[in-house]
Amino acid sequence: MKRVLVDMSATIIHHGHIRLLKKASKYGEVIVALTTDEEIRAKKGYEPELNYEQRKEILESIKYVKEVVPTSWLIDEDILKKYNIDLLVHGDDNSNQINEKKLLIFPRTKGVSSSLIRQKVMLAYAKKKSQNILLNPGPATTTANVKLAQVVDDICPREKEFGDLMEWVSTELTKIVANPKEYTTVLFGGSGTAVVESIITSVVPHDKKILIVNNGAYGKRMCQIADRFDINFIEFQSSPIEPINIQKLEETIQKNQNISHLAVIHNETTTGLLNNLDDLGNLAKKYNLELIVDAMSSYAAIPIDMNKQNITYLAASSNKNIQGMAGVGFVIAKKSSLENLKDIKPRSFYLSLYEQYTNFIKTHQMRFTPPVQTMYALKQAIIEAKKEGIENRYKRYSSSWETLTNGLKELKLKYLVDDEYHSKIITSIFIPDGVDFNDMHDFFYNRGFTIYPGKVAEFNTFRVANIGEIDYRDIEAFLEMLREYLSEG
Ligand SMILES: Cc1ncc(COP(=O)(O)O)c(C=O)c1O
């Protein structure tokens, strides 16, 4: 009887292996040349899931197998001689260099391989993890593929390959709100606040003033940044739950000299109040002001057109509606305005917008170490955002919000900001009497949902954001739990 050798690693054994062994057994008695653990590590670069002894035990119990012998990854004539082999059987990915007469090639079983199963296991694991539903306003719940995109080979970010990746990311982020011919995206390693700080400390000439609308915690934060850097600023206080009085804002502009910039938050994440960019853009245009928009919690959900809405600088980050990981902040800006920054001495070294911009043009690099893995996740997140489409994403978010607010009404819970001015992205809900936020938080957290505290001092609220890779069904599940929590209380 002929002796037939079948070489394999079989670290994850599947039906493709069995079919190959069965076919081989038609030609004689089957000897499995099983790759040793050392060889798998050295030649394939991974740790075998099952060690040699375990794999051997499985293979020896298969009825088509006569014997299992340890071998290197590649089979040569010496091995054939050593085990007295007449024929080597392999799938059509064969790379063994042996005499053709002794070689029998079979097509591989379609749709299965150890590496495919390995990928599926990783995906299943990542999906299981994402059963945590984040209802905080970012970092948002992400897809399994965004999480997995971070698992990449180590790479020095100064390599061209990584520069190309950042260039792609920059262009695609721009396209979401503007034409890349006239606008560009400047990337920073840092959270959203870093890029807001970059804009404020970089763009206001030293002899000019910035007018900042404060109608929530994030407007206030812009004032704090300006104050910290001794930048001349005017704070325009506005109700946290009512639309901005544009007439009053205009009067403030008229009363003050030397204002060069107007800064606003698009979606005040404190309350969900959506400031009207069309009105603010028109006002900025009328008085020849550059409009700065913190679109941290609206970008990549609520459609924005920087050119139409007369926005010069827009700040956003990787971990909210774009549905990537935390760590990249970015400024989308009009190129002609960025060029003009060369005459303004930046107040910050690290966050100098002009230097970050010009350096990127020259080198396709950030000036300092970028968050490498976050950048890979951001690329995947952009691919997914493009696939879904920004308008569809906002439809999905809006439908979650409708589900949420209808449920709140049924439960007789009230929320801040009238529907008319609401962003439909984050809702600030009044905490019923006798309920403690921390207790409620823990109740939900233990059941896989993360809720967020309120941020307006004068109202006792908690917040629910309906962003990220969730939909109305997750909100229904949350409402069901809320009903349970309130009835138990
Ligand atoms: C409108 C707005 N601006 C700025 C920030 C600050 O972003 P980060 O916490 O990433 O610094 C946030 C965060 O939620 C925000 O919602």
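Residues numbered from 1 in each chain as written. Predicted model: local features only at pLDDT ≥ 70, side-chain atom pairs only at ≥ 80, totals over all residues. Heavy atoms only, no water.

### Description of the sheet that holds strand E10 (residues 259-265)
The strand order across the open sheet built from seven strands is E7-E15-E14-E13-E10-E8-E9, with neighbouring strands paired in mixed fashion. Looking at strand neighbours, the two that pair on one side only are strand E7 (183-189) and strand E9 (233-237), the edges of this open sheet. This sheet shows a mean twist of 20° between the axes of neighbouring strands, independent of strand direction. With four bridges joining them, strand E8 (residues 209-214) and E10 adopt parallel strand pairing. Looking across to E10, one finds that Ile210 is bridged to His261. Where helix H13 (residues 353-363) meets the sheet, its contacts fall on E7, strand E14 (311-317) and strand E15 (328-334), and the angle it forms with E7 comes to roughly 105°. (Pairing = 2+ DSSP bridges. Helix = DSSP H or I, 4+ residues; strand = E, 2+ residues; numbered from the N terminus. Axes fitted to C-alpha atoms, helices over the stretch in contact; angles between N-to-C directions. Contact = heavy atoms within 4.5 Å.)

### A word on the domain arrangement of the protein
Here the protein is partitioned into domain 1 (3-115), domain 2 (144-386) and domain 3 (390-488). Using C-alpha coordinates to define each centre, domain 1 is positioned 56 Å away from domain 3. (Domains from an automatic or database assignment.)

### Considerations on the nonpolar core
Nonpolar side chains in soluble globular proteins tend to end up buried together. One finds Leu173, Leu187, Leu249, Tyr299, Met306, Leu314 and Met375 to be the most contacted residues of the largest nonpolar core, which totals 47 residues. Discounting residues that sit within four places of it in the chain, Leu173 has contacts with Thr185, Leu187, Tyr299, Ile322, Phe330, Ile332, Leu378 and Ile382. One finds Ala333, Leu338, Leu341 and Ile344 within the second-largest nonpolar core, a separate group that totals 31 residues. (Core = buried A, V, L, I, M, F, W, Y, C linked by side-chain atoms within 4.5 Å. Buried < 20%, exposed > 50% of the residue type's maximum accessible area, 1.4 Å probe, protein only.)

### What about the site of the ligand?
Every residue close to the ligand is listed here: Ser191, Gly192, Thr193, Tyr218, Arg221, Ile265, Thr269, Asp294, Met296 and Lys320. One of the side-chain nitrogen or oxygen atoms of Thr193 is found 2.6 Å away from an oxygen atom of the ligand. Separating an oxygen atom of the ligand from a side-chain N or O atom of Tyr218 is a distance of 3.3 Å. Coverage of the ligand by the protein chains reaches 86% of its 390 Å² of free accessible surface. For the shell around the ligand, the elements supplying multiple residues, two or more each, are helix H8 (192-203) and helix H9 (217-228). (Near = heavy atom within 4 Å. Polar contact = N/O pair within 3.5 Å; in protein donor to acceptor, adjacent residues only side chain to side chain. Areas by Shrake-Rupley, 256 points an atom, 1.4 Å probe, with all protein chains shown as cover.)

### With respect to the packing of H8 against H9
At a minimum axis distance of 10 Å, the contact between H8 and H9 shows a crossing angle of 50°. For the element pair H8 / H9, the angle class is oblique. Judged by the sense of rotation from one axis to the other, the crossing of H8 with H9 is right-handed. When H8 is examined against H9, the residues Thr193, Val196, Glu197, Ile200 and Thr201 are found in contact with a partner set consisting of Arg221, Met222, Ile225 and Ala226. Of the residues assigned to the contact of H8 with H9, the class counts are five nonpolar, two polar and two charged. (Parallel < 35°, antiparallel > 145°, perpendicular 65-115°, else oblique. Left-handed = near helix turned anticlockwise from the far one by under 90°. Nonpolar A, V, L, I, M, F, W, Y, C, P; charged D, E, K, R; others polar.)

### As for the packing of aromatic side chains
Per the stated rule, a full pass over the model turns up 12 aromatic pairs. When the centroid spacing of 5.9 Å and the interplanar angle of 85° are considered together, the rings of Phe430 and Phe459 count as edge-to-face. Note that Phe430 is positioned in strand E16 (residues 426-430) and Phe459 in the loop between strand E18 (452-453) and strand E19 (461-465), a separation of 29 residues in sequence. On the basis of relative accessibility, which here comes to 23%, the residue Phe459 falls in the partly exposed class. Both rings, one in Phe444 and one in Tyr485, keep their centres 6.2 Å apart while their planes meet at 40°; by these two values the pair is tilted. Residue Phe444 is located in helix H16 (residues 437-445), and its partner Tyr485 is located in helix H17 (residues 472-488); the two are separated by 41 residues in the primary sequence. Each member of the pair, Phe444 as well as Tyr485, is classed as buried. An aromatic cluster is built from Phe443, Phe444, Phe449, Phe478 and Tyr485, whose rings are joined through pairwise contacts. (Phe/Tyr/Trp six-rings, centres within 6.5 Å; stacked < 30°, edge-to-face > 60°.)

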